[in-house]
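Next come the chains, spelled out residue by residue.
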Amino acid sequence: METVMEHDSHNFNSNDHSSNNHSSNKHSSKNNSSQSSAQNLDNQSPSSDKQLSGLASNWYSLPTKRSFIVLLVTFSIIFLSAFGAKNLYFRGDYNIFFEGTNKQLMAFEEIETTFAKTDNLAIVIAPNDGNVFTPETLTLIQNLTVDSWQIPYSSRVDSLANYQHTEAIEDDLLVEDLLYEEYPHTPERIAKVKLIALNEPLLRNSLVSAAGDVTVVNVTVQLPEVDKTAEVQEVIAAINIMIDKYQAEYPDVAFHKAGIVAMNNAFMMSAQEDSSTLVPLMLLVVLVFLTFMLRSFFSVVATLLVIISSIVATMGLSGWAGMFLSTATVNVPTLVLTLAVADCVHVIVTMRQAMQRGMDKAQAIQYSTQLNAMPILITSVTTAIGFLMMNMSDSPVLRDFGNLSALGVIIACFLSVTMLPALLKILPIKTLKPIQASQEKVTFMDRLGDFVVANRKALLPISTLVIVGAAALIPLNKVNDESVKYFDTSSEFRQAADFMEETISGMTNISIAVKTNESQAIADPVFLKAVGDFSEWLRVQPEIDHVATLSDVYMRLNKNMHGDDDSYYQLPLNRELAAQYLLLYEMSLPYGLDLNNQINVDKSSIKMVLTVDNLGSVELVELEERIYTWFAANAPQYEVLASSPSLMFAHIGETNMASMLSTLPITLVLISGLMIFALRSTRLGMISLVPNIAPAIIGFGLWALISGEINLGLSVVVTLTLGIVVDDAVHFLSKYQRARMEGQSAEEAVRYAFHTVGRALWITTVVLVAGFSVLAMSSFRLNSDMGLLSSIVIFIALVVDFILLPSLLMIFDKKTHYQAESNSIKSDLGSNTASTSPQAVSAIAK
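Bear in mind the structure is a predicted one, so any value in this text is a computation, not a measurement.

## So, the packing of helix H4 (residues 67-82) against helix H14 (residues 419-426)
Here is step 1 of the chain: Packing of H4 against H14 brings their axes to within 9 Å, and their N-to-C directions diverge by 135 degrees. Taken together, H4 and H14 sit at an angle that is classed as oblique. Seen from above, H4 lies across H14 with left-handed handedness. For the pair H4 and H14, contact is made by Ser67, Phe68, Val70, Leu71, Thr74, Phe75 and Ile78 and by Met419, Ala422, Leu423, Lys425 and Ile426, respectively.

Next comes the structure, spelled out in structure tokens:
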């Protein structure tokens, strides 16, 4: 698994052998020629005694010579890091996805500061008989409304029971609860309540369905926000107790919980489910996989200790840094686990190969550590760069996800060359039997290498057509975030939101603040007409289910003050009269049901609330643009501000994708620079760009066929996977370059690369794909989509490096000065080279 850096370490890896050194009659004369040159290459291996005397004087011998000291130091560092975990806490609210300077978040906070906060929990009541206007259900609504005031942090409760109905009684204005407790539920009274409820614009499709089969008790809470997650849990716990009580009393009624508070709780529950199921599942997958591949119990134990230490240190250091856990960062352990396994596999596989060549355990561990240190470092750094590029994301939790993942990658890299060798030294791992030459066989990777070499002229245009075809599909993807659909259909919140959308209205709200910038100006007939016209325009928009607007209150009051004459159901035309109506109405409202959620203190602004279908981000943003366009054309004198959590999510996916794409060139430059440094070849470094970019192009092209929607989670996949994808190219190119430097042709060098690293690349890819596939099982869509697409891209990367990269090398790498470079390297080696036994070729073939 070496890169060309190995030439600087005064020796070559004696387990590098040509895939063509076989006696099989299936090989052509060309393969036999390659076999001979490969054997010459393998003969450039160090003698054990001289090599190991040099090894003993270097840092990589410390884990085996001072195993207990190394373990003491590393475990001490891990313990100190882990102690920071006591500072970790969890946040599950939607605010964590947005930067404080986010334009939509600032608008939403301004609206909430000006008017009452809108954090709510909607209790949806659905009687099995499909009729809420029965004595039993109306009594349930009354009692549930009263009890809802006792929910922690409750500041307002709205329902059919306490809706403030107004009507004229001679010259007086009567304002009372629609389900006034002193009125018995007689058929006549119920008929009147039903008539009012189904015809009142403020109630229909908001607190009661148009069909009268479902109703809602809406609880508004004012959270102190000292610990918002704990406060949300407290609210949910109280509501669950209350619902359980009423469910026992009313078994024929279904209850659902929707609203912002329920969504925050769903974020939290998703994170808890992921942490309690995905990480243990991935550990199980790793155990099974490593046990099957390595067939060494203590090697698996050593790997698990490195994995656990990497995760513990990463999360502990995040605690010291004052970070918190969220729906995104709770899955960092899964990624760290996956990447740590890939590092450990390199070290353990090389150690076992060395032991099969006759080295004792300590020698084999030193040899493997020396050989793999630089490749692991290069691939870890490129992977970390990809994760760190997520700092350009507009979402704070995605930046935290990238930073923690990058930290975990570097920690795993460090432990895989310090703790792992020390553990392998002290654990009772038995020495393996040397493999005999007679046991050598042709492997699948040898046959794949022969196939690629034989068909290189056809594979390159075919690969090009696949890439071009996938690129043509990419525009079919649409950036589309729908916060409700972040949750799996098995989620209680998702079920409630879907049920509510089917029966009453969507759960998606948009708050619209309309400012006159003049005190008491909301009673101005010009302003009222503009608001009335805007409200009517909104109601004919196909996406909008309900409009809560002050103009409806004014029209109802105007009708009441004219003896409930329907012809006066219109906006008052006199400013003083309108102000008096509103004052009289406000003075009649009970505590907690005032108009502070619609009117600001000096009556210069109003707030309207739209309830729309659970739309995707594209449709929501388009609706927002239409709202601003209407005011610009019809009432430009007024200032308008629209925002909501759903609207914030609608914007962030698009802006996040734009910011991620803007960082892609920087990421490519950094990784290309590392590749050129690692390979010491500008030509190979530039060729490597194609297989590094192609997987993302093909992956997103396939995604257009799989889903076609790019959400917030998918917007980071390109930068997230780019560093990981580089791993395959680094190892393949380093072997290829090694063979070329020994005088082999490009075709022979490709065969050599397949033979020496093909199986190892397959193993590490399977580990990475398994890790991201486990993440794809998350019930939270941002994580599951990210895991699925990342696993697709990583697997495609292996296919590209096995098909496209060799074809590019054989066609475009025709230079012949490798031999001169090789002679210079050989002169540096001096007498540190000796012949290699045939067993080595057999061992690598196995």
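## Re the sheet that holds strand E10 (residues 605-612)
Here is step 1 of the chain: The four strands lie next to each other as E9-E10-E8-E11, forming an open sheet whose pairing is antiparallel. With one partner strand each, in any of the chains shown, strand E9 (544-548) and strand E11 (639-643) form the two edges of the open sheet. Each strand of the sheet is rotated relative to its neighbour by a mean of 20 degrees, with strand direction disregarded.
Here is step 2 of the chain: Packing of helix H5 (residues 103-114) onto the sheet brings it into contact with strand E8 (508-515), E10 and E11, and relative to E11 it is tilted by some 110 degrees.

## Comments concerning the packing of helix H16 (residues 456-473) against helix H24 (residues 689-706)
Here is step 1 of the chain: Orientation of H16 relative to H24, taken along the N-to-C sense of each, is 50 degrees, at an axis distance of 7 Å. Viewed along their axes, H16 and H24 adopt a mutual orientation that is oblique. The two elements H16 and H24 cross, and the hand of that crossing is left-handed. Across from Val466, Ile467, Ala470, Ala471 and Leu473 in H16, the residues of H24 making contact are Ala694, Ile697, Ile698, Gly701, Ala704 and Leu705.
Here is step 2 of the chain: Across the contact of H16 with H24, the residue classes break down as 10 nonpolar, one polar and no charged.

## Some points on the packing of aromatic side chains
Each aromatic ring pair is characterised by the separation of its centres together with the angle its planes make.
Here is step 1 of the chain: In total, this model carries 23 aromatic pairs according to the counting rule given.
Here is step 2 of the chain: With 5.1 Å between their ring centres and 80 degrees between their planes, Phe527 and Tyr638 make a pair best called edge-to-face. Separated by 111 residues along the polypeptide, Phe527 in helix H18 (residues 525-539) and Tyr638 in the loop between helix H21 (617-634) and E11 bring together distant segments of the chain.
Here is step 3 of the chain: You can call Tyr638 buried: its relative accessible area is 13%.
Here is step 4 of the chain: Across the ring face of Phe324, the terminal group of Arg91 is positioned such that the distance to the ring centre comes to 5.2 Å.

## Regarding the pattern of salt bridges
Here is step 1 of the chain: Under the defined criterion, the tally for this structure stands at 25 salt bridges.
Here is step 2 of the chain: Of the charged contacts in the structure, one is a salt bridge between Arg556 and Glu200, with a shortest N-O distance of 3.8 Å. You can see Arg556 sitting in helix H19 (residues 550-560) and its partner Glu200 sitting in the loop between helix H7 (187-199) and strand E5 (215-221), a full 356 residues away along the chain.
Here is step 3 of the chain: One salt bridge in this structure joins Arg456 and Glu747, with 3.5 Å as the shortest N-O distance. Taken together, the positions of Arg456 in helix H16 and Glu747 in helix H26 (residues 746-775) put the pair 291 residues apart, joining distant regions of the chain.

How each quantity is defined
- Residues numbered from 1 in each chain as written.
- Predicted model: local features only at pLDDT ≥ 70, side-chain atom pairs only at ≥ 80, totals over all residues.
- Heavy atoms only, no water.
- Axes fitted to C-alpha atoms, helices over the stretch in contact; angles between N-to-C directions.
- Helix = DSSP H or I, 4+ residues; strand = E, 2+ residues; numbered from the N terminus.
- Parallel < 35°, antiparallel > 145°, perpendicular 65-115°, else oblique.
- Left-handed = near helix turned anticlockwise from the far one by under 90°.
- Contact = heavy atoms within 4.5 Å.
- Pairing = 2+ DSSP bridges.
- Nonpolar A, V, L, I, M, F, W, Y, C, P; charged D, E, K, R; others polar.
- Phe/Tyr/Trp six-rings, centres within 6.5 Å; stacked < 30°, edge-to-face > 60°.
- Buried < 20%, exposed > 50% of the residue type's maximum accessible area, 1.4 Å probe, protein only.
- Lys NZ or Arg CZ within 6 Å of the ring centre and 35° of its normal.
- Salt bridge = Lys/Arg side-chain N within 4 Å of Asp/Glu carboxyl O.

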